[in-house]
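Residue-level listing of the chains:
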Amino acid sequence: MAARSVSSVFLGAALLFGCKAPPPEAPEGLEDTARFLMREFYSDDATMGAGLTGLLQWYEDEGQALDGQSPTTGEDNVAADFQLQTLLPEDLAPTMVSSSGRELSLAGGVMAVTTLSCDWAGIEMIGGRPDQDVVFEDEWAHYTRVFETDRAAYEAATEARSIPAIDQVLDPTADDFDPADTAESILWTSNPLGTSEFGVSMDYTLNIHFRHGLYLVQGQERHATITLTWQPDPTWGSGGSNALHQNWGVDALVEDADGRVVRLVVIWSDIESVATGTDLLVNLQVNRINRFSDRMSAICDDPSILPPE
């Protein structure tokens, strides 16, 4: 009886003064990590840190062998090495949209991983610019970025390297949720653009939310930027025989133990095309992601190649 009384005292003290919950368990492997980063985009910083820990653990165990590679480079690489399993409905919750009636199994998953010759602040500068058709020359036919939250507040937090922590799970679908409350930590944008990335010219809009912070990753505080991307409406190319029905993605950039930036891009796309098969589409997507990474590194190595905004 006395032992139970002592336990009750300690329990009461814990409830009174509060006790810090242990950090969430990191996901294991690429498949779980990719979905974790999407599902938990609006979770607290500790949860995001767990996801980034899973990313770097996967990179150290397996991902380094695919760093900068694609199905068209390296004798041992095949399209299956860069493909992901399909999404589940619960994975889409942070995007605030459904699959628009299309089967999620039709959206094939693709990944690419690279190490950039940039520091974290350099990455922030490149990714935040509205003129992405200039930043990534020849990749976009046109590109317009509409800032739906305060860009200046977000960029000031980057410059100061002082980003307010998110210490609770956010629900962007709630009626009382105001994205302005977290503008220094999460930037909302809408991006009307045009591309011919699959050999077909298409105009569509991507919603892109940027989140940055100082996270506990593998037991150390590290800066990272994560973007959540989705296409709210399907689009058709000229002639109507090609379409992009669904498109979801996560782009995670995190400092490793040596201060380099590891970039993991995962994209699920439902592409209808008369001109390509699955393997070729994987090749096109992975190679395009790698071209973007090469361009980012080139800008970091020589910022003068990018004109002022």
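Residues numbered from 1 in each chain as written. Predicted model: local features only at pLDDT ≥ 70, side-chain atom pairs only at ≥ 80, totals over all residues. Heavy atoms only, no water.

**Some remarks on unusual backbone geometry**
We note that arginine 161 has phi near 50°; this positive angle belongs to a residue other than glycine. With a relative accessible area of 42%, arginine 161 lands in the partly exposed category. In this structure, glutamine 218 is a non-glycine residue whose phi angle is positive, near 50°. One can find glutamine 218 in the loop between strand E6 (202–217) and strand E7 (220–230). Among the residues examined, glutamine 218 registers a relative accessible area of 26% and is labelled partly exposed. (Buried < 20%, exposed > 50% of the residue type's maximum accessible area, 1.4 Å probe, protein only. Helix = DSSP H or I, 4+ residues; strand = E, 2+ residues; numbered from the N terminus.)

**Some points on the state of the cysteines**
Enumeration according to the criterion identifies 1 disulfide in this entry. At a sulfur-sulfur separation of 2.0 Å, the disulfide partner of cysteine 118 is cysteine 300. Between cysteine 118 and cysteine 300, the disulfide has an S-S torsion of 105° and is therefore right-handed. Taken together, the residues span a long stretch of sequence, with cysteine 118 in the loop between strand E2 (108–116) and helix H4 (120–128) and cysteine 300 in helix H7 (residues 278–301) at a distance of 182 residues. Judged by its relative accessible area of 6%, cysteine 118 is buried. A residue is classified by how much of its surface remains accessible, and cysteine 300, at 22% relative accessible area, is partly exposed. (Disulfide = S-S within 2.5 Å.)

**Some thoughts on the packing of aromatic side chains**
For the structure on display, the rule yields 6 aromatic pairs. Centroid distance phenylalanine 41 to tyrosine 42: 5.2 Å. Interplanar angle 75°. Geometry classified as edge-to-face. For the residue pair phenylalanine 41 and tyrosine 42, the accessibility class agrees, reading buried in each case. Consider the rings of phenylalanine 136 and phenylalanine 292, whose centres lie 4.3 Å apart with planes at 25°: the pair is stacked. Pair noted here: phenylalanine 136 is in the loop between helix H5 (132–135) and strand E3 (142–143) and phenylalanine 292 is in helix H7, with a separation of 156 residues, a long-range link. Assessed through its relative accessible area of 11%, phenylalanine 292 is described here as buried. A connected cluster of aromatic rings, assembled from ring pairs, spans Phe41, Tyr42, Phe177 and Trp188. (Phe/Tyr/Trp six-rings, centres within 6.5 Å; stacked < 30°, edge-to-face > 60°.)

**Things to note about the confidence of the model for the protein**
Of all residues in the protein, 87% have pLDDT values of 70 or greater, and the mean over the chain is 87. Considering only residues more than four positions removed or in separate chains, one finds that residues 1–18, a stretch of pLDDT under 50, has 2 contacts. (pLDDT = per-residue confidence, 0-100. Contact = heavy atoms within 4.5 Å.)

**Some details on the packing of helix H2 (residues 29–39) against helix H3 (residues 45–61)**
Two elements in contact, H2 and H3, have axes separated by 9 Å at closest approach and are oriented at 155°. Classed by the angle they form, the pair H2 and H3 counts as roughly antiparallel. Between H2 and H3 lies a crossing of left-handed hand. Seen from H2, the contacting residues are Gly29, Leu30, Thr33, Phe36 and Leu37; seen from H3, they are Thr47, Met48, Ala50, Gly51, Leu52, Gly54, Leu55 and Trp58. Class assignment of the residues belonging to the contact of H2 with H3 gives a composition of 8 nonpolar, 5 polar and no charged. (Axes fitted to C-alpha atoms, helices over the stretch in contact; angles between N-to-C directions. Parallel < 35°, antiparallel > 145°, perpendicular 65-115°, else oblique. Left-handed = near helix turned anticlockwise from the far one by under 90°. Nonpolar A, V, L, I, M, F, W, Y, C, P; charged D, E, K, R; others polar.)

**Some details on the pattern of salt bridges**
Any two side chains of opposite charge can pair if their charged atoms end up close together. Under the defined criterion, the tally for this structure stands at 13 salt bridges. Taking the shortest distance from any N to any O, the salt bridge between arginine 129 and aspartate 131 comes out at 2.7 Å. In this structure, the salt-bridge partner of arginine 288 is glutamate 139, at a minimum N-O distance of 3.2 Å. Taken together, the residues arginine 288 in helix H7 and glutamate 139 in the loop between H5 and E3 connect sequence positions 149 residues apart. Residue classification places glutamate 139 among the buried residues on the basis of a relative accessible area of 14%. Counted as one network, the salt bridges with shared partners bring together Glu31, Arg35, Arg39 and Asp91. (Salt bridge = Lys/Arg side-chain N within 4 Å of Asp/Glu carboxyl O.)

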